[in-house]
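# Reading the structure
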Amino acid sequence: MTPGGRGRSRQNAIYRPGALGTTPRVPTDNTELELRARSALDARAWAYIAGGAGGGATMRANREAFDRWHIVPRMLHGTTERDLTTQVLGTDLTAPLLLAPVGAAGLVRPDADLLIAQGAHSSGIPYVFSCQGSSPVEQTAQSMGGTPFWFQLYWSSDEDLVDSLIERATAAGAQALVVTLDTTMLGWRPQDLDLGSLPFARGQGIAQYTSDPRFMALVRERLASAAAAAAERGAQVAAKGAAGLGINPRHPVGAARAVRGGVGALLSMSREHPGDLRTNLRSPEPRAAVETFLDIYSNPALSWDHLATLRARTSLPVILKGVLHPDDARRALDAGVDGLVVSNHGGRQVDRSVAALDALVSIREAVGPEPTVLMDSGVRSGADLFVALALGADAALLGRPHVYGLALDGAAGVSAVIDNVLAELDLTMGLVGAASIQEITRDLLAE
């Protein structure tokens, strides 16, 4: 426990410089945090990080679900110290919070995953590495500096690649495997669609793949079997210019934009691909890697039969992320899954989906108090975290806010966001009379 608590320590770290006129680089107010992050990001990055499915009804529902619950403080409890520590599936946590996986964070800053890992380590909070990361799991693990981490798995349509990713995560030191279920295909995301922007098509967010021996073997197979066709397509694009990109040559402005866009995409693919940039620019491999990724990165046919094979493929605790229905929760636990993350992917997959917090209540009631159940989607503050814990979450995952901190101040920004959330949790516990995480119960809430 931090003397005086994490809350008072964080307040002192802000108020003392404030007396000399220095204000926080990363806002403590969530609305202001989002506004400043939007100003710091370009249109493509903002659309991908902040955007959601359809008209955004699920994102709104996530926040409205928290707004329906109210904390009921108790008085004269004499609580002077708080213990935020807990344990989830063998991972010791200094607080019931982990950083959620956010794909293609390299849109925000180069080496984003390494910076997020450094920020997580500074605040002593585990990070769930994204399968769609901008740095390989091995490098990101080094940046954690010994702080625990989990690994998110997107189930590829190539089973050997699934095994390779699991083996690499295990060798790098991951303490759990988080299988994301709700992204077997991309949801309808107007913000990205209206910009024609998919980061993976530009080679962004596929570093776990281009660093993987099985994946690169698939790339080489693709090149070997289609080298002549690929060379011919490249020659046609170079010769025909805009016409080769499907642009009407009668519109020279649009044609020029398409050519610039094509050059930019090829440059991005080459920059993101392992190796020397100049060599990559002359090689068909970066483009082939992108095409291979888009073909196999996720498996639309993913089923319970696939999940049944995991016990023979890993010794790590297995957590399913994306569960929203009580029947799915029961079936998963009956099948021997170690834990669940109740999540609607931050509102990014299905518009008008059930709010994650509402699903948490239903699932906890269905499975009872013993199984490990975490949640994400909609958590923005320490008070939100308190509510999620009181409603049955063993811990929560924090998504967009830590990326906003990354946008504003790199690793220090990630750490600042974490510290602010945990400071508010600590102060809330002290004010309502909960001395430990176990004492945060539904009795302290009202609808």
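The structure this text deals with has already been given above.
Cut-off values and rules
Residues numbered from 1 in each chain as written. Predicted model: local features only at pLDDT ≥ 70, side-chain atom pairs only at ≥ 80, totals over all residues. Heavy atoms only, no water. Helix = DSSP H or I, 4+ residues; strand = E, 2+ residues; numbered from the N terminus. Rg over C-alpha atoms; globule rule 2.2 N^0.38 Å. Buried < 20%, exposed > 50% of the residue type's maximum accessible area, 1.4 Å probe, protein only. Contact = heavy atoms within 4.5 Å. Areas by Shrake-Rupley, 256 points an atom, 1.4 Å probe, with all protein chains shown as cover. Lys, Arg positive; Asp, Glu negative; His and termini not counted. Charge placed at Lys NZ, Arg CZ, Asp CG, Glu CD. Axes fitted to C-alpha atoms, helices over the stretch in contact; angles between N-to-C directions. Parallel < 35°, antiparallel > 145°, perpendicular 65-115°, else oblique. Nonpolar A, V, L, I, M, F, W, Y, C, P; charged D, E, K, R; others polar. 1 Å grid on protein atoms, 1.4 Å probe; cavity = no way out; pocket = protein on both sides within 12 Å on 5 of 7 lines; lining within 4 Å. Points joined across faces, edges and corners; volume = space filled by probe spheres on them. Salt bridge = Lys/Arg side-chain N within 4 Å of Asp/Glu carboxyl O. Patch = residues over 30% accessible without salt bridge, like charges linked within 9 Å, V, L, I, M, F, W, Y side chains within 5 Å. Core = buried A, V, L, I, M, F, W, Y, C linked by side-chain atoms within 4.5 Å. Arc of directions from axis to C-beta. Phe/Tyr/Trp six-rings, centres within 6.5 Å; stacked < 30°, edge-to-face > 60°.

### So, the overall build of the chain
- Across its full length, the chain carries 18 helices and 12 strands.
- Computed over its C-alpha atoms, the radius of gyration of the chain comes to 23 Å, within 12% of the 22 Å expected for a compact globule of 447 residues.
- Its C-alpha atoms put the chain at 80 × 55 × 40 Å along the principal axes.
- Relative to its full complement of 447 residues, the chain shows a buried share of 53%.
- Considering only contacts in the chain between residues 6 or more positions apart, those separated by 24 or more positions represent 74%.
- For the chain, the computed accessible surface area is about 19500 Å², with 52% contributed by carbon and sulfur atoms.
- Measuring between centres, the 40 positive side-chain charges of the chain sit 8 Å from its 47 negative side-chain charges.

### Comments concerning the packing of helix α3 (residues 43–50) against helix α18 (residues 400–432)
- Two elements in contact, α3 and α18, have axes separated by 10 Å at closest approach and are oriented at 160°. When the axes of α3 and α18 are compared, the pair comes out roughly antiparallel. Where α3 approaches α18, its residues Trp46, Ile49 and Ala50 are matched on the opposing element by Arg400, Val403 and Tyr404.
- In terms of residue class, the contact of α3 with α18 is built from five nonpolar, no polar and one charged.

### Focus: empty space enclosed by the protein
- All chains considered together, the criterion is met by two cavities of 30 Å³ or more.
- By volume, the largest cavity is sized at about 420 Å³.
- Forming the boundary of the largest cavity are 29 residues, of which Pro101, Val102, Gly103, His345 and Arg348 lie nearest the centre.
- For the lining of the largest cavity, the elements supplying multiple residues, two or more each, are α3 and α18.
- Each residue belonging to the lining of the largest cavity can be placed in one class, and the counts come to 12 nonpolar, 11 polar and six charged.

### Remarks on the pattern of salt bridges
- Applying the stated criterion to the full structure yields 20 salt bridges.
- Note that Arg222 and Glu291 form a salt bridge whose closest N and O atoms lie 3.5 Å from each other. Residue Arg222 is found in helix α10 (residues 213–240), and its partner Glu291 is found in helix α13 (residues 285–296); the two are separated by 69 residues along the sequence.
- With a relative accessible area of 23%, Glu291 lands in the partly exposed category.
- Residues participating in the shared-partner salt-bridge network are Arg222, Arg287, Glu291 and Asp295.

### Re a nonpolar patch on the surface
- Taken together, Leu267, Leu277 and Leu281 make up a surface patch of nonpolar side chains, about 220 Å² in accessible area.
- Accessibility expressed as a relative area gives 46% for Leu281, which makes it partly exposed.

### With respect to the nonpolar core
- Grouped together as the largest cluster of nonpolar side chains are 116 residues, with contacts concentrated most on Tyr209, Leu357 and Met375.
- For this core, the element with the highest residue contribution is α18, accounting for 15 residues.
- Among all residues touching Tyr209, those that are not within four sequence positions of it are Cys131, Gln132, Tyr154, Leu161, Leu165, Phe215, Met216, Phe293 and Tyr297.
- Judged by nonpolar contacts, the second largest core, of 13 residues, contains Ala176, Ile319, Leu374 and Leu397.

### Focus: the side chain of Thr210
- Relative to the helices and strands, Thr210 is located in helix α9 (residues 207–210).
- By relative accessible area, Thr210 is classed as buried at 9%.
- Residues within four places of Thr210 in sequence aside, it is in contact with Phe215, Met216, His273, Pro274 and Ala289.

### Points about unusual backbone geometry
- With phi around 65°, Arg352 is a residue other than glycine that occupies positive phi space.
- Examined against the element boundaries, Arg352 turns out to sit in the loop between β9 (339–342) and α16 (356–367).
- Overall, Arg352 belongs to the exposed group, its relative accessible area being 68%.
- The residue Ser377 is not glycine, and still its phi comes out positive at about 90°.

### What to know about helix α15 (residues 326–334)
- Buried within α15 we find Pro326, Ala329 and Ala332. The buried residues of α15 all sit within an arc of 125° when viewed along its axis, so they share a single face.
- Buried residues belonging to α15 abut α14 (304–307), β8 (318–323), β9 and α16.

### A short note on the packing of aromatic side chains
- Taken as a whole and assessed by the stated rule, the structure comprises 10 aromatic pairs.
- Here Trp46 and Tyr404 contribute two aromatic rings whose centre-to-centre distance is 5.7 Å and whose plane-to-plane angle is 25°, an arrangement assigned as stacked. Here Trp46, found in helix α3, pairs with Tyr404, found in helix α18; they are 358 residues apart in sequence, far enough to count as distant.
- On the basis of relative accessible area, Trp46 is assigned to the buried category, the value being 12%.

### Here's the deal with the side chain of Ser415
- Secondary-structure assignment places Ser415 in helix α18.
- Accessibility expressed as a relative area gives 9% for Ser415, which makes it buried.

### Concerning the environment of Gly399
- Relative to the elements of secondary structure, Gly399 occurs in the loop between β11 (395–398) and α18.
- Look at Gly399 and you get buried, because its relative accessible area is 16%.
- Gly399 sits 238 residues away from Leu161 along the chain, and the two C-alpha atoms are 26 Å apart.
- Contacts of Gly399, omitting those with residues within four sequence positions, involve Ala100 and Val102.

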